[in-house]
Amino acid sequence: RMVAEDSPHETDVYCIRHHVPILALRGRVMFPGIRASVALPPRAVRLARELLRQGRAGGIGFVAMQPGTAELYNIGTFCKVVAAKEEAYEEARSSSSAGGGYGGTGGGAGGRVLLTVEGCSRLRVLRCTRVAAPFQISTVQLLEDYVGDCSGVTWNSLLLRVQKELLSLLPRVDAPDPLRWPTSASGFGDVVGVLLGRLGVKDRQQILETIDVRERLELILPWLHREARADDGDDVSPSATSSVGESRMQWPLIGVEYELQSVRGAVRSLDDASFGLGDEWGSEEEDIVSHMSRAILEVGLSADAMRIAKGELKRLKALASHHSEYIGVRTYLETLMSLPWKACTVDSLDLPQARAVLDGDHFGLEAPKKRILEFLAVRQLGGSTKGPILCLEGPPGIGKTSLGFSVAKALGRKFTRLALGGMRDEAELRGHRRTYIGSAPGAIIQGLQAVGVNNPVLLLDEIDKLTHSAHFNPQAVLLEILDPEQNIDFRDHYLNTPFDLSRVLFMCTSNNGSLMDRPLLDRLELLELTGYTAREKEAIARSHLLPKQRRLHGLQTPDPEPTVAT
């Protein structure tokens, strides 16, 4: 552990980074969590890329110059590069003449490059190792905010006062719609450092150098109060300069919520080949959003699901990656895109082949196999996906589950099994609403998500073992799931949009059908599997059990053959 020179708070010694390129800023201060654009000549961009590759610093440091001198402050901001955009020479000249240049780096014979950078954390420059103009290669220490006790009434009152003063400034602020507040108390101080146009470099640097979050909020509160109630041109901070006095202010870009107007569309217009920048300057968040935008159009969503997906994608673009709702929205969109809205397999309705598959996997059980073949023959003649729900009833170990797998193999469909034994919550089948933490789709939707097609054979195993009482009854949910007239618009609570289950071939297994509710039993056609005769057991042992045990124990020779008595 080590203690900063001008701060009583401890910082972590493991936050030391070496060979970090430092760029001096003239008349501006960079803050963590805020996006900004930096104008550099192309040669400086190539140099920065080479320095980052050699030193593996992971970003660039920005430190403000002290007004009236060529000296740099000791505290700056460590930033990651998000995007880059080339400007032609004429465009660079006009924007440079309008002001807002960074340390004299804008313009040049070959135009310039606008880098979009995002502040990650505060840094302290420990020592400068060498100079590679316009950068100083330095060893820095990344500083973490000191929060302290944030549970008291005084702390909450301070936060409310800061937010109230910010609200009073909104009529004078060009704020985006919808407005996004910072997600931490530390972010409020940094937002004010960018938002107040009357603050000079010294005042902004003072905000940046205040590591204690409580002290930072207490520092900005008088400035907010004065700014909110002052007329234009009055109560200007002594250290403010004429270049930053503006009649209206721009709401700062928090995290990755909004793009700066000067670099809007930079990622789409970036030509990596012309600069040799590669993927190091890419924005992971923008890559995710662009990938989802394409995937939404390709997966074949229904009209209602497409409407919801576009709305959620718009929300995702407006959220910072560290926002509490970001992961939830992203997970929901990924779930929508991973569902088999159109993907399906082609049925193989060859009855002789189906008979061969059933006979090869199961010896005996003639009555159930005959009914299954009749069921497949009706589907072949009618071509309809509607029909009775077959329920295989019999004692444990008789082969009910494997018979369902054989049906899937005979049809050429994928197979998935859902164990219902002990399930007592309807939400396990229908999903949890997204208002709950850790919400997820129900088991039906998860099963389809796993197999990747919308017409598998879905076996509801041990349907008679569903737990129900006066407070919960998951069997009632199955009434909708197994009804071909209703499951065409099955609405999972998590998805909150209809999904078509009519193409799924449902099969059930049970040990005792009398334990099921009568309405559910009426939806099923029971096929009783009574057991095997002695001759069938002998044939099963010779054809299936003994070969399996020989393979497990590494016995290659079939001798000696067991007798019938054995």
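Residues numbered from 1 in each chain as written. Predicted model: local features only at pLDDT ≥ 70, side-chain atom pairs only at ≥ 80, totals over all residues. Heavy atoms only, no water.

Caption draft 1: Local environment of the overall build of the protein chain. Looking only at helices and strands, one finds 19 helices and 17 strands in the protein chain. Burial statistics for the protein chain: of 566 residues in total, 46% are counted as buried. Considering only contacts in the protein chain between residues 6 or more positions apart, those separated by 24 or more positions represent 76%. (Helix = DSSP H or I, 4+ residues; strand = E, 2+ residues; numbered from the N terminus. Buried < 20%, exposed > 50% of the residue type's maximum accessible area, 1.4 Å probe, protein only. Contact = heavy atoms within 4.5 Å.)

Caption draft 2: Region of the structure containing the side chain of N454. Tracing the chain through its elements places N454 in the loop between α16 (443-451) and β13 (457-461). Under the relative-accessibility criterion, N454 is labelled buried at 5%. Leave out the neighbours within four places in its chain, and N454 touches P340, W341, K342, A343, C344, R503 and V504.

Caption draft 3: Representation of the sheet that holds strand β12 (residues 415-419) within the structure. Read from one edge to the other, the open sheet built from five strands follows the order β12-β13-β16-β11-β17, with strand pairing classed as parallel. Both outer strands of the open sheet, β12 and β17 (524-528), are each paired with one neighbouring strand and no more. Strand-to-strand, the axes of this sheet are offset by a mean angle of 25°, without reference to chain direction. Across the sheet, α16 lies against β12 and β13, angled at about 155° from β12, the strand it touches most. (Pairing = 2+ DSSP bridges. Axes fitted to C-alpha atoms, helices over the stretch in contact; angles between N-to-C directions.)

Caption draft 4: Focus on the confidence of the model for the protein chain. Confidence in the prediction for the protein chain averages 76 pLDDT; 76% of positions are at 70 or higher. Contacts for the low-pLDDT stretch residues 1-13, under 50 throughout, to residues beyond four places or in other chains number 22 contacts. Within the model, pLDDT remains below 50 along residues 231-247, and this stretch shows 24 contacts once partners closer than five positions in the same chain are excluded. (pLDDT = per-residue confidence, 0-100.)

Caption draft 5: Fine view of the environment of A427. Within the secondary structure, A427 is located in helix α15 (residues 427-430). For the pair formed by A427 and Y494, sequence separation is 67 residues and the distance between their alpha carbons is 9.4 Å. When sequence neighbours within four positions are dropped, the list of residues in contact with A427 reads H432 and G442.

Caption draft 6: Expanded view of helix α13 (residues 366-382). With 17 residues, α13 should reach 24 Å at 1.5 Å per residue; the first-to-last C-alpha distance of 24 Å fits that figure. Here α13 has its buried residues at P368, K369, R371, I372, L373, F375, L376 and R379. At its buried positions, α13 is contacted by α12 (351-361), β11 (389-393), α14 (400-411), β16 (505-510) and β17. (Expected span 1.5 Å × (residues − 1).)

Caption draft 7: Geometry of the pattern of salt bridges. By the definition in use, this model includes 19 salt bridges. The partner of E118 in a salt bridge is R35, and the shortest N-O contact between them spans 3.8 Å. Residue E118 is found in strand β7 (residues 112-132), and its partner R35 is found in strand β4 (residues 35-40); the two are separated by 83 residues along the sequence. R35 carries the same exposure label as E118, and that label is buried. Through salt bridges with shared partners, one network takes in R122, D145, D190 and R216. (Salt bridge = Lys/Arg side-chain N within 4 Å of Asp/Glu carboxyl O.)

Caption draft 8: Representation of the packing of helix α10 (residues 303-318) against helix α11 (residues 326-338) within the structure. For the pair α10 and α11, interaxial distance at closest approach is 10 Å and the crossing angle is 150°. The angle between the axes of α10 and α11 places the two elements in the roughly antiparallel class. At the point where α10 passes α11, the crossing takes the left-handed sense. Here α10 contributes A305, I308, A309, E312, L313, R315 and L316 to the contact with α11, which in turn contributes Y326, V329, R330, Y332, L333 and L336. (Parallel < 35°, antiparallel > 145°, perpendicular 65-115°, else oblique. Left-handed = near helix turned anticlockwise from the far one by under 90°.)

Caption draft 9: Structural detail: the pairing of strand β8 (residues 135-143). Most of β8 is tucked away, with eight of its nine residues classed as buried. Pairing between β7 and β8: nine bridges, direction antiparallel. Residue pairing in the sheet places L123 in a bridge with L142 of β8. Hairpin connection between β7 and β8: a loop of two residues separates the two successive antiparallel strands.

Caption draft 10: Looking closely at the side chain of D464. Tracing the sequence through the fold places D464 in the loop between β13 and α17 (475-481). There is a polar contact of 3.2 Å between the side chain of D464 and the backbone nitrogen of N511. At 3.0 Å, the side chain of D464 and the backbone nitrogen of N512 are in polar contact. When residues no more than four places from it in sequence are discounted, the contact partners of D464 are T509, S510, N511, N512, L515 and M516. (Polar contact = N/O pair within 3.5 Å; in protein donor to acceptor, adjacent residues only side chain to side chain.)

Caption draft 11: Geometry of the nonpolar core. Judged by nonpolar contacts, the single largest core of 52 residues is most densely connected at L460, I463, L478 and L482. Counting 39 residues, the second largest nonpolar core, distinct from the first, contains I22, V29, L143 and V201. (Core = buried A, V, L, I, M, F, W, Y, C linked by side-chain atoms within 4.5 Å.)

Caption draft 12: Quick look at the packing of aromatic side chains. Scanning all chains against the criterion turns up three aromatic pairs. Between F405 and F415, the ring centres sit 5.5 Å apart and the planes meet at 85°, which makes this aromatic pair edge-to-face. A residue pair is termed long-range when its members are at least 10 positions apart, and F405 in helix α14 and F415 in strand β12 qualify at 10 residues. The partly exposed category is assigned to F405, whose relative accessible area is 43%. With a relative accessible area of 23%, F415 lands in the partly exposed category. (Phe/Tyr/Trp six-rings, centres within 6.5 Å; stacked < 30°, edge-to-face > 60°.)

Caption draft 13: A look at unusual backbone geometry. At H19, a residue that is not glycine, the phi angle is positive and equals roughly 55°. If you trace the backbone, H19 turns up in strand β3 (residues 16-25). The phi dihedral of N496 falls on the positive side, at around 55°, and the residue is not glycine. Within the secondary structure layout, N496 lies in the loop between β14 (490-491) and β15 (498-499).

Caption draft 14: Looking closely at the state of the cysteines. Considering all chains together, one arrives at zero disulfides under this definition. C120 carries a free sulfur, and the closest cysteine sulfur to it, the one in C79, is 6.5 Å from it. With no disulfide of its own, C391 lies closest to C508 among cysteine sulfurs, the gap being 5.2 Å. Residue C391 is classed as buried on the basis of its relative accessible area, which comes to 0%. (Disulfide = S-S within 2.5 Å.)

Caption draft 15: Spotlight on the packing of helix α4 (residues 185-195) against helix α6 (residues 213-229). At a minimum axis distance of 9 Å, the contact between α4 and α6 shows a crossing angle of 40°. With respect to each other, α4 and α6 are oriented oblique. Read as a crossing pair, α4 and α6 show a hand that is left-handed. In contact with A185, S186, F188, G189, D190 and V192 of α4, α6 contributes V213, R216, L217, I220 and L224. Classifying every residue of the contact of α4 with α6 gives seven nonpolar, two polar and two charged. (Nonpolar A, V, L, I, M, F, W, Y, C, P; charged D, E, K, R; others polar.)

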